[in-house]
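# Coordinates in review
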Amino acid sequence: MILLPEALLPIEILLQMIIKKSLASSYCITMVSEVLLKVHVPNSLMYIDGNNTESLVELMLNASEAGCSDYIIQIKEPKDFIVAFDKVVHMGNIRRSDRRVIILPPKYISDENVFSHDLLEILSLRETSYITNVLLVVPTKKTLKCESYELITHKFVGIDNNKEPMLLDRWDSCTNSFENNVNLFPHDLSNLQGKTVKVAGFTYKPYVLLDLDTKLMPLGRDGMEMRIVDEFCRWINCTVEMVRDDEHEWGEIYDNSTGVGVIGNVFEDRADLGITALYSWFEEYVVMDFSAPIIRTAITCIAPSPSLLASWEMPLLPFSVYMWAGIIFTFLYASVALTIAKGFSTDEVFLTTFGIMLTQSRPDASFRSWRIRSVIGWMMMTGLVIDNAYGGGLASTFTVPKYEKSIDTIEDIVNRQLEWGATHDAWIFSLMLSQEPLIKQLLSLFRTYPSEELMQKSFRKSMAFSIEKLPAGYFAIGEYITKEASLDYTIMIDKFYYEQCIVMLRKSSPYTDKLNVLIGRLHESGLMLAWETQVALRYLDYKVQLEVKLSRSKRDVENIEALGLRHVMGIFFIYGAGAVISCLVFIMEILIHRKSRKISIN
Ligand SMILES: *[C@@H]1O[C@H](CO)[C@@H](O)[C@H](O)[C@H]1NC(C)=O
Ligand SMILES: *[C@@H]1O[C@H](CO)[C@@H](O)[C@H](O)[C@H]1NC(C)=O
Ligand SMILES: *[C@@H]1O[C@H](CO)[C@@H](O)[C@H](O)[C@H]1NC(C)=O
């Protein structure tokens, strides 16, 4: 049989015209229909049998993953398709903001009105509201010779009634032409006419600041990422509505497909965009759309500054451990020499040796022999050298302050088993999958505490706090770090990791592409750096910023100091301990002596 043009059904002719007009650049089209429609497609076609609705999701998923993400649908229950479509979007790995869907009337039209009503119902589905480009072909009139169709889409833009049908065009098989000949997929998101875009976020400086004084900021909100969203809506004429779950901050997605916080709000479609320092986390990427990177941030910690060494240690500092061992050995050796010289008499040997090593003189009466004198002479010379060396060392420990070792690297944190933390686990999401032993140890030291507890801990210097270093040189530091506490903290040299901040959206969200264009322009113009500086200067505590920024260089200034009580405290310690011990011994002596006297009297 020769396939004459007349052999084509009117609906096929119409479809062919629509394809030519609107899907000419489509890479691959998925067709779900009960019979294979005779149309010619520009590239490739994936045909799915519409009678077999059980495995519709799996078949469509396979097609979508292969790149066939424009759809022509002609099945009995188009609602099934919309539900399956939403599942496929969420399960698949292919993301596209501008998937196009054409829904044809089911095959068996008996009563047109009933069916046209049925078709329009699709537009009221929640799932449909996330598809920008959906085209319904609704039959209106059927005579023997002619069939006419209306081409309908949803309103999509505007403040309300986004789900209302919108008539685009009419087509009649007798005239074989469109009435208006307009663009059949008109929603290019260039003007949303005030449509509400819901944004999830919470106050986290300098990314997002909410609840500001409306006298200063008309919208009551500001921040690096907030400005992106506000600019986005200024560009495409939408209205921002904040969706908040402040308590859970970044939040998380649970295994039961629910979620909390910013991530949960976007995941469960309570918000269209999610912002506030969201990093390109793997777990979230699997179930959501990411925008292009906005801000590259470096995560590190401020750790307690090394404190001055305790002053009682100071008398020990001039000599190293080996030197002290050598001195003890010298003392013993000299004592033995003196004992031998005295003809193996240990009378006052240790006291004499100790005294001479501290260059103390001895009453000479007992040392008549030259043998003893020469030994003592050599000992005196040794004592002189040691004494002078110690004196010199002590002078330098007194004038140059001695600190504990500082915390500079990840190894330092791990070696000291120093806790580090913040208010939320989000800080370690990026490291969670790491196999490196060092990073795993670092993770085991991470803790989360409520803000107030963190503040208390910051005064006690008992843990390190994670902070972000932003591209223009400012820091994102939790509010719990006050100016007073920041004086005692030093920024680490090592960066734990670098991350890209992104905006999270529902998978295949209509906004992703548009937002990426805006982000590209923002980077191109350098506005992101300017915004960071503006927001930082306006809202961040400049003293804290400066303290953290200069925390590594400030110790050079206070280098040499005058002697104070602090320096000699250690020596008084030793003196005090000696005095107490001698008093005790003295009292003991008297007691024991009295007893023995009593015994002797008896
Ligand atoms: C989808 O693709 C997978 C792997 O490519 C294959 O195992 C599976 O059978 C396909 N599903 C269907 C329904 O064809
Ligand atoms: C933006 O949307 C509003 C409706 O909310 C409309 O009145 C206004 O004209 C639109 N602006 C532009 C530039 O189209
Ligand atoms: C999902 O799981 C979370 C935590 O496991 C729980 O708090 C929440 O109530 C669960 N939600 C539902 C709908 O089961």
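Refer to the preceding data block for the structure.
Throughout what follows, the structure given in this document is the object of discussion.

Rules used throughout
- Residues numbered from 1 in each chain as written.
- Chains lettered and ligands numbered in written order.
- Predicted model: local features only at pLDDT ≥ 70, side-chain atom pairs only at ≥ 80, totals over all residues.
- Heavy atoms only, no water.
- Helix = DSSP H or I, 4+ residues; strand = E, 2+ residues; numbered from the N terminus.
- Buried < 20%, exposed > 50% of the residue type's maximum accessible area, 1.4 Å probe, protein only.
- Contact = heavy atoms within 4.5 Å.
- Lys, Arg positive; Asp, Glu negative; His and termini not counted.
- Charge placed at Lys NZ, Arg CZ, Asp CG, Glu CD.
- Expected span 1.5 Å × (residues − 1).
- Core = buried A, V, L, I, M, F, W, Y, C linked by side-chain atoms within 4.5 Å.
- Salt bridge = Lys/Arg side-chain N within 4 Å of Asp/Glu carboxyl O.
- Near = heavy atom within 4 Å.
- Areas by Shrake-Rupley, 256 points an atom, 1.4 Å probe, with all protein chains shown as cover.
- Phe/Tyr/Trp six-rings, centres within 6.5 Å; stacked < 30°, edge-to-face > 60°.
- 1 Å grid on protein atoms, 1.4 Å probe; cavity = no way out; pocket = protein on both sides within 12 Å on 5 of 7 lines; lining within 4 Å.
- Points joined across faces, edges and corners; volume = space filled by probe spheres on them.
- Nonpolar A, V, L, I, M, F, W, Y, C, P; charged D, E, K, R; others polar.
- Polar contact = N/O pair within 3.5 Å; in protein donor to acceptor, adjacent residues only side chain to side chain.
- Disulfide = S-S within 2.5 Å.
- Pairing = 2+ DSSP bridges.
- Right-handed = clockwise from strand over helix to strand, strands pointing away.

### Points about the overall build of the protein
Tallying secondary structure elements over the protein gives 19 helices and 21 strands in all. Based on the C-alpha atoms only, the size of the protein along its principal axes is roughly 145 × 55 × 50 Å. Within the span of the protein, comprising 602 residues, buried residues form 46% of the whole. Of the contacts made within the protein by residues no fewer than 6 positions apart, 71% connect residues no fewer than 24 positions apart. Counting 59 positive and 73 negative side-chain charges, the protein places the centres of these two groups 9 Å from one another.

### Quick look at helix α8 (residues 321–341)
Between the first and last C-alpha of α8 there are 30 Å, a value that for 21 residues agrees with the 30 Å anticipated at 1.5 Å per step. Tucked inside the fold, the buried residues of α8 contact α9 (349–357) and α10 (370–399). Looking at the residues trailing α8, positive phi occurs at G343, about 70°.

### Concerning the nonpolar core
Side chains that are nonpolar tend, in soluble globular proteins, to be buried together. I413, W420 and F496 are the most contacted members of the largest nonpolar core, which has 90 residues in total. The element best represented in this core is helix α5 (residues 224–236), accounting for 7 residues. Leave out the neighbours within four places in its chain, and F496 touches I299, T300, C301, I410, I413, W420 and L442. M60, F81, I103 and L123 belong to the second-largest nonpolar core, a separate cluster that totals 28 residues.

### Considerations on the pattern of salt bridges
Inspection of the entire model under this criterion finds 19 salt bridges. We note a salt bridge from D289 to R95, for which the minimum N-O separation is 3.7 Å. Taken together, the positions of D289 in strand β14 (residues 289–290) and R95 in the loop between α3 (78–91) and β4 (100–103) put the pair 194 residues apart, joining distant regions of the chain. Under the relative-accessibility criterion, D289 is labelled buried at 3%. For the salt bridge of E150 with R170, the shortest nitrogen-to-oxygen distance reads 3.3 Å.

### Some remarks on the site of ligand 3
In the neighbourhood of ligand 3, the contacting residues comprise Y254, N256 and T258. When ligand 3 sits alone it has 360 Å² of accessible area, and the protein chains cover 31% of it.

### Quick look at the packing of aromatic side chains
Counting across every chain of the model gives 22 aromatic pairs. Plain terms: the ring middles of F319 and W324 are 5.3 Å apart, the flat faces sit at 65° to each other, and that makes the pair edge-to-face. Overall, the relative accessible area of 26% leaves W324 in the partly exposed class. Ring geometry for F465 against Y480: centres 5.8 Å apart, planes inclined by 45°, an arrangement best described as tilted. On the criterion of sequence distance, the pair formed by F465 in strand β18 (residues 464–469) and Y480 in the loop between β19 (475–476) and α15 (483–486) is long-range, its members being 15 residues apart. Side by side, F465 and Y480 carry an identical accessibility label, which is buried.

### Notes on the environment of L216
Mapped onto the elements of the fold, L216 is located in the loop between β9 (195–200) and α5. For L216 and I236, which are 20 residues apart along the polypeptide, the C-alpha to C-alpha distance reads 25 Å.

### Focus on empty space enclosed by the protein
Picture a little ball the size of a water molecule; that probe, rolled over the atoms, points out where space is still empty. One pass over the full model with this rule turns up 2 cavities of 30 Å³ or more. Looking at the largest cavity, it is lined by 15 residues, and the ones nearest its centre are F85, R99, Y130, I131 and S508. Split by residue class, the lining of the largest cavity holds 5 nonpolar, 3 polar and 7 charged. Counted as a void, the second largest cavity has a volume near 40 Å³. Looking at the second largest cavity, the residues that line it are W250, A277, Y279, W281, A426, W427 and E468. At the level of elements, β13 (273–279) and α12 (426–429) are the ones that each hand at least two residues to the lining of the second largest cavity. For the lining of the second largest cavity, the class distribution of residues is 6 nonpolar, no polar and 1 charged.

### Focus: the site of ligand 1
The immediate surroundings of ligand 1 are formed by E58, L59 and N62. Within the contact set of ligand 1, a nitrogen atom lies 2.9 Å away from a side-chain nitrogen or oxygen of E58. Note that an oxygen atom of ligand 1 is positioned 2.4 Å from one of the side-chain N or O atoms of N62. The protein chains hide 34% of the 360 Å² of surface that ligand 1 would expose on its own.

### Things to note about the state of the cysteines
Summed over all chains, the structure comprises 3 disulfides. Covalent S-S linkage joins C28 and C68, the inter-sulfur distance amounting to 1.9 Å. With the S-S bond torsion at 75°, the cross-link from C28 to C68 turns out right-handed. Residue C28 is found in strand β1 (residues 28–33), and its partner C68 is found in the loop between α2 (56–65) and β3 (70–74); the two are separated by 40 residues along the sequence. Just as C28 is buried, C68 falls in that class too. Each sulfur of the disulfide joining C233 and C238 lies 2.0 Å from the other. On the sign convention where negative is left-handed, the bridge of C233 and C238, at about -100° about the S-S bond, is left-handed.

### Looking at the pairing of β9
As judged from the 6 bridges shared by β9 and strand β10 (residues 238–243), these two strands associate in the parallel manner. Following the sheet pairing, A200 is matched in β10 by V243. The β-α-β motif built from β9, the intervening α5 and the parallel element β10 has right-handed crossover chirality. Where β9 meets β13, 2 bridges bridge the pair, whose relative direction is parallel. Its bridge partner being in β13, A200 is matched across the sheet by G274.

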